[in-house]
Amino acid sequence: SILKEYYLLYKEIEEEYSEEFGRPLNIYDVYTEEDIYYIQRCVETECFDCPFENKVNVANVIINRVNSERFPSTPKEVVTSPNQFTYFRTNITEDTVLAVEYAFMFKDTTDGALYFHSGSYSETFNGAKYIFEDSVGHKFYKWKGALDEEMKVKDIKLDRRTNQDVWIMEYARDGTIDMRHYDII
């Protein structure tokens, strides 16, 4: 992957000149080892045997969620939230480690996506709008417009009768609560 080659070259240059120019902030300065490990496990599981770029995309979704007021504030909490991600793989490849580092260091490759899935195309997903599909069929979605500023996920529960997620949303303006059902994909 050209993106991976670019990143490896960047790391070489950074290492060579870090004493002279200082080292930029990286993922290891911001998150705990445990948090980083959960991102890596999720990326490894969701993108097993996928190209580097796809792994970067999934890592960006996790980081975007951490940076969003809609979701928990740590990577571990984001990854382990019910019915959100799979993260069962524990043997992390070098590609995954590098992809997670890259996602933190450089411009978001997903344009702010907060969701992705590998199911059938739909124009919206959990209220977010479709933005693109990657080379392995992951579809990415982001919130667009005023709704993004006005609502925050308060809780997510599984309705076992309908096998749907119930998203309990809180409106920022008046604190009222709204419940929405979404199919689990």
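Right, let's talk about the confidence of the model for the protein chain for a bit. Mean pLDDT over the protein chain works out to 85, with 78% of the residues at or above the 70 mark. The low-confidence segment residues 173-185, where pLDDT is below 50, has 41 contacts with residues more than four positions distant or belonging to other chains.

Attention shifts here to the packing of helix α3 (residues 33-46) against helix α6 (residues 94-105). For any two helices packed against each other, one specifies the crossing angle of their axes together with the interaxial distance. Running from N to C, α3 and α6 point in directions that differ by 120°, and their axes come no closer than 9 Å. With respect to α6, the axis of α3 lies oblique. Between α3 and α6 the crossing geometry is right-handed. Contacts from I39, Q40, V43 and E44 in α3 reach T96, V97 and V100 in α6. Considering only residue class, the contact of α3 with α6 consists of four nonpolar, two polar and one charged.

Moving on: the environment of K55. If you trace the backbone, K55 turns up in helix α4 (residues 52-66). Leaving out residues up to four positions away in the same chain, K55 has contacts with V43, E44, C47, C50, T93, D95, T96 and A99.

With that out of the way, let us pick up the sheet that holds strand β2 (residues 124-125). Spatially, four strands are ordered β1-β4-β3-β2 in an open sheet, and the strand pairing comes out antiparallel. Strand pairing shows two members of the sheet lacking a second neighbour, β1 (115-117) and β2, which therefore form its edges. Bridge analysis of strand β3 (residues 128-133) against strand β4 (residues 139-142) gives four bridges, and the strand direction is antiparallel. Bridge assignment links E133 to a residue of β4, and that residue is K139. Lying on the sheet, α4 is in contact with β1, β3 and β4; it crosses β1 at an angle near 145°.

Note that β2 and β3 share two bridges and pair antiparallel. If you follow T124 over to β3, its bridge partner there is K129. Taken together, β2 and the strand that follows it, β3, pair antiparallel across an intervening segment of two residues, in which N126 is found at a positive phi of about 50°. The antiparallel pairing of β3 with β4 creates a hairpin that spans five residues between the two strands, and G137 there sits at a positive phi of about 95°.

Attention now goes to the pattern of salt bridges. If you walk through the whole model with that rule in mind, you get seven salt bridges. Of the charged contacts, one joins E34 and K76 as a salt bridge, the two residues approaching to 3.2 Å between their closest N and O atoms. On the criterion of sequence distance, the pair formed by E34 in helix α3 and K76 in helix α5 (residues 75-80) is long-range, its members being 42 residues apart. When its relative accessible area of 42% is taken as the criterion, E34 is described as partly exposed. Overall, the relative accessible area of 28% leaves K76 in the partly exposed class.

Cut-offs and rules
- Residues numbered from 1 in each chain as written.
- Predicted model: local features only at pLDDT ≥ 70, side-chain atom pairs only at ≥ 80, totals over all residues.
- Heavy atoms only, no water.
- pLDDT = per-residue confidence, 0-100.
- Contact = heavy atoms within 4.5 Å.
- Axes fitted to C-alpha atoms, helices over the stretch in contact; angles between N-to-C directions.
- Helix = DSSP H or I, 4+ residues; strand = E, 2+ residues; numbered from the N terminus.
- Parallel < 35°, antiparallel > 145°, perpendicular 65-115°, else oblique.
- Left-handed = near helix turned anticlockwise from the far one by under 90°.
- Nonpolar A, V, L, I, M, F, W, Y, C, P; charged D, E, K, R; others polar.
- Pairing = 2+ DSSP bridges.
- Salt bridge = Lys/Arg side-chain N within 4 Å of Asp/Glu carboxyl O.
- Buried < 20%, exposed > 50% of the residue type's maximum accessible area, 1.4 Å probe, protein only.

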